[in-house]
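The residues making up each chain are set out below.
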Amino acid sequence: MDDAADKAARKAQKLKRAQAAAGPGARPEKGQKKQKLRPQASAERGPTPSAHAPRSDAAAEAAPAPPPSGSAMGGAARKRGRNWTLSIALPGSVVENAQNHELRSFLVAQVARAATIFHVDEIVIFGAASDKREPKRTPASVFMARLLQYLECPQYLRRMLFPVHPDLRAVGILPPIDATHHPRAHEAIAYREGVARDDGATALIGLQSAAPLDRKVPAGSRLTVRMPTRGGPNAPVVKPTAASPAVVVAPSEPREAAGLHWGFAVRVADTLPAVWTECPYERRYDLAIGTSDKGTAEWAESDFEFPRFEHALLVFGGVEGLEPVVAADAELSARGVTAPELFDHYFNLCPEQGSRTIRTEEALLVGLTALRPLIQRASARPGPGRS
């Protein structure tokens, strides 16, 4: 009996030492508990406002982000921040080929899910000026933008930000994007989206009660907040109180400080050139990629790499591709610009395709999958800081 007790004691001490050496974050062992010819922006005309839900201007004076050694996801190790962005652009006319409202809505949901899966930061819908105008039917680009905004918005904010509208009548059957900024009520996460209440000093952020804010903001505005922690940046996230309020931050902070994908902005451009001229980024898109079955497959070569970039733009065409869109644009036609000349790269992202056509929602998944390794390698390459 004494020998058995000694063996058990030695085994317990050995296990304790192994756990201490592994550290608190160790996974338990099995069995243990657990620039080209593209259009340039005019100096007299600034970027058009995004179609994203209204946000508080207080974000411009938001508190600086905590040091990157803190916790991003309720005690999990913080990811490295991401200071580059990825935008996609596609024509609103893609929904006009759907036979009914439900199929139109489902197509938009596929776009929203693809953008979320691949960390897209901005969706630009172009061609609004040429949308068909039909009685009692929303123009395609506006319909697409409204539904994308709705799907991007956390569920607990939708009733406050989106009034009842015929365009949204099929949202109940659409798959959710289940994004990082759509947390469950019990989920401990370093950031949350919210809407300011009438007093401007508290916000609804998906918890059982309103959260006090560190400053006053306009009532009804959407905002991003950083949750307080218990004792420091590495401590667990706690519920905001008057003594430790939620801090209003810029919507880009979760991405830049913690590497989190924090939804996507939605923008409508009347024409293809407006995708560039109305770019919301101060330093514009510095990597522009066009997609077409008439492009090259240079991206698939083993030695091909993208240069380091700050804001990448990936443009998709409609049913007939990008070439007819460029040819039909008065500004581009007057300058004699062809589709490949608009971009730094003009790629066929699915060479030797088996079908005669690839639908735009399919091209999104194919293209983003194909280019993701190249984009990640380019963004990881050493270089100057980005903003």
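Just so we're clear, the structure is a prediction, and the values are computed from it rather than from any experiment. (Residues numbered from 1 in each chain as written. Predicted model: local features only at pLDDT ≥ 70, side-chain atom pairs only at ≥ 80, totals over all residues. Heavy atoms only, no water.)

**Student:** Any details on the pattern of salt bridges? Residues and values, ideally.
**Tutor:** Following the criterion strictly, the structure yields 14 salt bridges and no others. Here Arg267 and Glu122 are joined by a salt bridge, their closest N and O atoms 2.9 Å apart. Of this pair, Arg267 sits in strand β10 (residues 265–269) while Glu122 is found in strand β4 (residues 122–126), placing the two residues 145 residues apart along the sequence. Assigned by exposure class, Arg267 and Glu122 land together as buried. By sharing partners, the salt bridges in this structure join Glu152, Glu193 and Arg222 into a single network. (Salt bridge = Lys/Arg side-chain N within 4 Å of Asp/Glu carboxyl O. Helix = DSSP H or I, 4+ residues; strand = E, 2+ residues; numbered from the N terminus. Buried < 20%, exposed > 50% of the residue type's maximum accessible area, 1.4 Å probe, protein only.)

**Student:** Explain helix α2 (residues 101–117) to me, and be specific about the residues and the numbers.
**Tutor:** Between its terminal C-alpha atoms α2 stretches 24 Å, which fits the 24 Å expected from 17 residues at 1.5 Å a residue. Within α2, the full set of buried residues consists of His101, Arg104, Ser105, Leu107, Val108, Ala109, Val111, Ala112, Ala114, Ala115 and Thr116. In this fold, the buried residues of α2 make contact with β3 (85–91), β4, α3 (140–152) and α9 (360–380). Sitting at the amino-terminal end of α2 is Asn100, which places a side-chain oxygen 3.2 Å from the backbone nitrogen of Glu102. Positive backbone phi, approximately 60 degrees, marks His119, located one or two places after α2. (Expected span 1.5 Å × (residues − 1). Contact = heavy atoms within 4.5 Å. Polar contact = N/O pair within 3.5 Å; in protein donor to acceptor, adjacent residues only side chain to side chain.)

**Student:** Could you give me a rundown of the pairing of β4, with the residues and numbers involved?
**Tutor:** Within β4, five of the five residues are buried, leaving the element largely enclosed by the surrounding structure. A two-sided burial pattern is seen for β4, the buried positions comprising Glu122, Val124 and Phe126 on one face and Ile123 and Ile125 on the other. As paired elements, β3 and β4 share five bridges and run parallel to each other. Across the sheet, residue Ser87 finds its bridge partner in β4, namely Glu122. With α2 bridging β3 and the parallel β4, this β-α-β connection has right-handed handedness. Bridge analysis of β4 against β10 gives five bridges, and the strand direction is parallel. Pairing of Ile125 across the sheet is with Val268, part of β10. (Pairing = 2+ DSSP bridges. Right-handed = clockwise from strand over helix to strand, strands pointing away.)

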